[in-house]
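If you want the building blocks of each chain, they are given just below.
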Amino acid sequence: MGALSPLGIGIAENWRRLCAGESGIGPITRFDTSEYPTTIAGEVRGFDPTRWIAKKEVRQMDLFIQYAIAGAAMAVADAGLEQSPPADLERYGVFVGAGLGGISTLETTIAALREKGPRHGISPYFVPAIIVNLAAGQISIRHGCKGPNLSHVSACSTGAHSIGEAFRTIVHGTADVMIAGGTESTVSPLGVGGFCSSRALSTRNDQPTRASRPFSASRDGFVLSEGCGILVLEELGHARARGARPLAEIVGYGLTGDAHHITMPPPGGEGAQRCMKMALRDAGIAPEQLGYINAHGTSTAADAIETHAIRAVFGAHADKLAVSSTKSMHGHLLGAAGGLEAAISVLAIQHGILPPTINLDDPDPACDLDYIPHVARAHQVEYAMSNSFGFGGTNAALIFRRLEP
Amino acid sequence: MNAKDIHQQVSEIIADQLDVQCEDVTPDKSFTEDLGADSLAIVELVLALEEKFDVKIPDDEVDRIKTVGDAVKFIVDHTKA
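Everything in this summary refers to the structure shown in the same document. (Residues numbered from 1 in each chain as written. Chains lettered and ligands numbered in written order. Predicted model: local features only at pLDDT ≥ 70, side-chain atom pairs only at ≥ 80, totals over all residues. Heavy atoms only, no water.)

Residues and elements named next belong to chain A. Within the structure shown, the criterion is met by 24 salt bridges over all chains. The salt bridge partner of Glu 226 is Arg 30, with a shortest N-O separation of 2.7 Å. One end of the pair, Glu 226, is in the loop between α8 (189-197) and β8 (227-234); the other, Arg 30, is in the loop between β3 (26-27) and β4 (40-41), with 196 residues separating them in the sequence. Owing to a relative accessible area of 35%, Arg 30 belongs among the partly exposed residues under this scheme. As a salt-bridge pair, Glu 341 and Lys 327 come within 3.1 Å of each other at their nearest N and O atoms. With a gap of 14 residues between them, Glu 341 in helix α13 (residues 337-351) and Lys 327 in helix α12 (residues 327-330) connect regions that are remote in the sequence. For the pair Glu 341 and Lys 327, a shared accessibility class is recorded, and that class is buried. A cluster of three or more residues bridged by salt bridges with shared partners is formed by Arg 210, Arg 213, Asp 361 and Asp 362. (Salt bridge = Lys/Arg side-chain N within 4 Å of Asp/Glu carboxyl O. Helix = DSSP H or I, 4+ residues; strand = E, 2+ residues; numbered from the N terminus. Buried < 20%, exposed > 50% of the residue type's maximum accessible area, 1.4 Å probe, protein only.)

Okay, structure coming up:
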């Protein structure tokens, strides 16, 4: 697995800080925010792209692609595929998507176009720098993946859908190994401004580390964040045959549409309910077997709807479930969120530790589950689910199972 | 600006754009064969040279510029002394 987030670069640093209940949110440094109602975000800090990408290539691609390349390199190395790639490269694929793509390069190019005109204002690399599927394309070029190559786009569900679709591609028999997840980088005037305009972001600017507070009564919007979360999925027999050490098994995937509204879920979260049920059916497990949910929990009004949906799906077992929103610490990575949170769900199973929901000082009465408030909990679960819901009413749920070491 | 100065400045732009050592940028070097440029990199290089020397390099001329020496010659021929 590989990850970049406001909590750090690499899985180990992310996991250490998640277990410590730390926040990665801070003031925006990328641009002057003085005219914006929100001045905080989760920026990736200390990222040196030349660790993974040749210097001349760095300026040929938006940051979201650079993150994807770095995250994929980490995941491939972690899986032991760097030195010895799969024998059949035509069965080695990449599904890595993004919600928005190269929005900041689009902004700077439009400004240069106005200033210098079309000949000198637009780089010949502009199109491949911004289009979403160059995340998957660049990864495939670097690792020789000649199998299925797609970038799914489903807003904040992108990372989860990418992993779910990769799972299905392996189950279907089209590939043995898939690099899958999401990437995003939209901490830019247009990215932040767009979500400000839709009144989606927290304005708790004076307390950045406390701004993302899922399930609390005082939550006031999500905190925009960036990074990537990328996994290597592999057919279990194929992995064991080459002596790989699987971290967990992906066993269930659900995906549904709300058919309701462009940004809001229906009040009962019916789309989310059907999605979780579909994932449980796909995994072939009873609701009572699930131990942990890494919730979508964005720190918006929809947290209560997700809570309601979990209660509707799990009934009495909902009171025994541990549920946390790690967005309280890393913020909302949009298209990368499902990738990072899938990785966190795997880590929770692997280490027998459930990461907390921080900042839950004043739980909303409509949010009444066990959210693992404030501090991580040592607890071994057999099954964990990761929920992702996106604009357009697009939902994804993934279920992971513990593998005996 | 004499030809030697132009060669030096062109070499610096090429070295920066293509991420190669300046001393490797000699007149006989081919952009695609020796310096690792693809078609997009050549377009980017042409635009950088246009900006630096305030010249316009038409597309049919670009097709004839294969080596560092070709690029230097074009700039020398098209910049006023």
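Further notes follow.
With 11 residues of chain A at the contact, the number on the chain B side is 18 residues. A combined buried area of about 1,200 Å² lies between chain A and chain B, and 44% of that area is made up of carbon and sulfur atoms. With a closest N to O distance of 3.6 Å, Lys116(A) and Glu51(B) form a salt bridge. Put simply, the parts of the chain that give the side of chain A that touches chain B at least two residues each are α2 (55-58) and α4 (103-121) of chain A. Of the residues forming the side of chain A that touches chain B, the biggest block, 3 residues, is contributed by α4(A). When the residues that make up the side of chain A that touches chain B are grouped by side-chain class, the tally is 4 nonpolar, 2 polar and 5 charged. (Contact = heavy atoms within 4.5 Å. Buried area = accessible area lost by both parts, 1.4 Å probe. Nonpolar A, V, L, I, M, F, W, Y, C, P; charged D, E, K, R; others polar.)

The next thing to look at is the nonpolar core. Residues and elements named next belong to chain A. By size, the foremost hydrophobic cluster in this structure holds 42 residues, and its most contacted members are Met 1, Ile 163, Leu 231, Leu 233, Tyr 292, Leu 398 and Phe 400. Of all the elements, α13 adds the most residues to this core, at 9 residues. Filtering out sequence-adjacent residues up to four positions away, Leu 231 remains in contact with Met 1, Ala 75, Ile 163, Met 178, Ile 179, Ala 180, Gly 339, Ala 342, Ala 343 and Phe 400. Ranked by size, the runner-up nonpolar core spans 33 residues in total, among them Leu 4, Ala 72, Leu 81 and Ile 230. (Core = buried A, V, L, I, M, F, W, Y, C linked by side-chain atoms within 4.5 Å.)

Residue and element names in this part refer to chain A. Spatially, 6 strands are ordered β2-β1-β8-β7-β5-β6 in an open sheet, and the strand pairing comes out mixed. At either end of the open sheet lies a strand with only one pairing partner, and these are β2 (8-9) and β6 (149-150). Sheet topology note: the strand β5 (residues 92-97)/strand β7 (residues 177-184) ladder contains 6 bridges and is parallel. Paired with Phe 95 across the two strands is Ala 180, which belongs to β7. Against the sheet, helix α6 (residues 134-143) touches β5, β6, β7 and β8, its axis set at about 150° to β5. Here α13 sits on the sheet and contacts β1 (2-5), β7 and β8; the angle it forms with β8, its principal contact strand, is near 60°. (Pairing = 2+ DSSP bridges. Axes fitted to C-alpha atoms, helices over the stretch in contact; angles between N-to-C directions.)

All names here are of chain A. In a regular helix each residue adds 1.5 Å, so 15 residues correspond to 21 Å; helix α7 (residues 158-172) covers 20 Å between its end C-alpha atoms and thus fits that length. Of all 15 residues that make up α7, 11 are buried, and the element is covered over most of its length. Listed in full, the buried residues belonging to α7 are Thr 158, Gly 159, Ala 160, His 161, Ser 162, Ile 163, Gly 164, Ala 166, Phe 167, Thr 169 and Ile 170. In the stretch just after α7, Gly 173 is the one whose phi turns positive, near 95°. (Expected span 1.5 Å × (residues − 1).)

All names here are of chain A. Pairing in this open sheet of 5 strands is mixed, and the strands run β9-β15-β14-β10-β11 from one edge to the other. Taken across any chain shown, the strands that pair with only one partner, and hence form the sheet edges, are β9 (249-257) and β11 (322-324). Adjacent strand axes in the sheet meet at a mean angle of 15° when their direction is disregarded. By the bridge criterion, 8 bridges tie strand β14 (residues 383-390) to strand β15 (residues 394-401) in an arrangement that is antiparallel. Within β15, the position partnered with Gly 390 by the bridge is Thr 394.

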